[in-house]
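Summary of structural features
Residue-level listing of the chains:
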Amino acid sequence: MSAIGGRSPIGACLSAYRFGTGDPTTRLSPGEFWRASFTPFGPATLRIRWDPADRDGQTIEAEAWGDGRDWMMQRAEAMTGAFDPGYHFVDAHPAVLRSQRNHPGVRFGASSMLYHELVPTILGQRITGGEAIRQWHRLCRKLGAPSPGPGPENGAGLLLPPSPATLAGRPAWWFHPLGVEAKRAEALRTVARHADKMWAWSRLDTTALGTKLALLPGIGPWTIGSVMASAVGDPDAVAVGDFHLKNWVSYALDGRPRGTDERMLELLAPYAGQRGRVVRLLLLDGPSPPAFGPRQRILPMARW
């Protein structure tokens, strides 16, 4: 997903929904957010506007188009973090307290769009962020339909994500030219086949939702931790298994440039219930771990 940040708490919260700059389904600029997606009632496009200079407020203006516009309008406040009460850390590591002081408005939004959040996250499994972003963009351009209503950039419309029926109907070999191997392709197809159930799943408590997602082949702790934060606003969600995250947390909280998932969870244990919020604060303001060795050349799978 795109890096956490923004000119306001609302912008920072909404940035979690954009998968790379130029995401065909989602656009974010100072004071304006667009998203095209599916709802239980059909496709819709959502536009949210706010004052980027208001760093404390939560006043937004929203409008939507398409068969699912009413449902989308009902999601607008939740997506901007309006229902996240936040949390104030008192007895915490100095790195956490420093980031909290510098970024007091960190909130978690909840889109309830599990299918939309899962597809690009699955593409991000076991590959670099840049590769995943390119694959997501190519997938949307090949299979995504134009979104209802207008769009940003002088009316240029967004694309919907690939529909569940379209994605489920593609054999695994079809994804190979996009750089997606069979294992991730099967996970995409599995999620597409279960997409209709996910509207009800998004209303479950986080424990029950995590259990449901874990039953799907190809959906592991990293994917679950990644989507729970944005789809249902879980401030405790942690992407266990991330290549960089364990090192970032270890360096910020333990002073060691390299860590393990086990050590990361030990360091985050005192913040149970708010572990994801701590991680987000550290990513915003914590020191980045030093890099060792030359960068590895990435060879796209389609060229193997």
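Procedures and definitions
Residues numbered from 1 in each chain as written. Predicted model: local features only at pLDDT ≥ 70, side-chain atom pairs only at ≥ 80, totals over all residues. Heavy atoms only, no water. Helix = DSSP H or I, 4+ residues; strand = E, 2+ residues; numbered from the N terminus. Rg over C-alpha atoms; globule rule 2.2 N^0.38 Å. Buried < 20%, exposed > 50% of the residue type's maximum accessible area, 1.4 Å probe, protein only. Contact = heavy atoms within 4.5 Å. Areas by Shrake-Rupley, 256 points an atom, 1.4 Å probe, with all protein chains shown as cover. Lys, Arg positive; Asp, Glu negative; His and termini not counted. Charge placed at Lys NZ, Arg CZ, Asp CG, Glu CD. Pairing = 2+ DSSP bridges. Axes fitted to C-alpha atoms, helices over the stretch in contact; angles between N-to-C directions. Salt bridge = Lys/Arg side-chain N within 4 Å of Asp/Glu carboxyl O. Polar contact = N/O pair within 3.5 Å; in protein donor to acceptor, adjacent residues only side chain to side chain.

Topic: the overall build of the protein
Broken down by element type, the protein carries 14 helices and four strands. Against the globule reference of 19 Å for 304 residues, the protein gives a C-alpha radius of gyration of 19 Å, in line with a compact fold. Counting only C-alpha atoms, the protein reaches 50 × 50 × 35 Å along its principal axes. Residue burial in the protein is summarised as follows: out of 304 residues, 51% are buried. For the protein, long-range pairs separated by at least 24 residues make up 62% of all intrachain contacts whose partners lie at least 6 apart in sequence. With an accessible surface of roughly 14,400 Å², the protein has 53% of that area assigned to carbon and sulfur atoms. Across the protein, the centroid of the 35 positively charged side chains sits 8 Å from that of the 27 negatively charged ones.

Side note on the sheet that holds strand S1 (residues 26-29)
Taken in spatial order, the four strands line up as S1-S2-S3-S4 in an open sheet, and their pairing is antiparallel. Each having just a single partner strand, S1 and strand S4 (60-65) make up the two edges of the open sheet. Averaged over all pairs of adjacent strands, the angle between strand axes in this sheet comes to 20°, irrespective of strand direction. Contacting strand S2 (32-39), strand S3 (42-50) and S4, helix H2 (residues 69-79) crosses the sheet at an angle of about 155° to S4. Strands S1 and S2 of the sheet are contacted by helix H4 (residues 114-123), whose axis makes an angle of about 100° with S2.

Overview of unusual backbone geometry
Even without being a glycine, Ser 112 presents a positive backbone phi close to 65°. Tracing the chain through its elements places Ser 112 in the loop between helix H3 (94-102) and H4. Taking relative accessible area as the criterion, Ser 112 reaches 15% and is therefore assigned buried. Located in the positive-phi region is Arg 126, a residue other than glycine, with phi close to 65°. By the element assignment, Arg 126 lies in the loop between H4 and helix H5 (129-143).

What to know about the side chain of Asp 23
Examined against the element boundaries, Asp 23 turns out to sit in the loop between helix H1 (9-14) and S1. Here Asp 23 occupies a buried position and makes no salt bridge, while the nearest side chain of opposite charge, Arg 35, is found at 5.6 Å. Here the side chain of Asp 23 touches Phe 19 through a polar contact of 2.8 Å, landing on its backbone nitrogen. In contact with Asp 23, not counting residues within four places along its chain, are Tyr 17, Arg 18, Trp 136 and His 137.

Structural notes on helix H12 (residues 245-254)
Within H12, seven of the ten residues are buried, which leaves it mostly tucked inside the rest of the structure. All of the buried residues along H12 are Leu 245, Lys 246, Asn 247, Val 249, Ser 250, Ala 252 and Leu 253. Remark: Gly 255 follows H12 within two positions and exhibits a positive phi of approximately 75°.

Structural notes on the pairing of S3
Among the nine residues in S3, seven count as buried, and that is most of the element. Relative to S3, S2 is paired through eight bridges, and the arrangement is antiparallel. Note that in S3 the partner of Thr 39 across the bridge is Gly 42. The antiparallel pairing of S2 with S3 creates a hairpin that spans two residues between the two strands. Where S3 meets S4, six bridges bridge the pair, whose relative direction is antiparallel. Each residue of the ladder has a partner; that of Thr 45, found in S4, is Trp 65.

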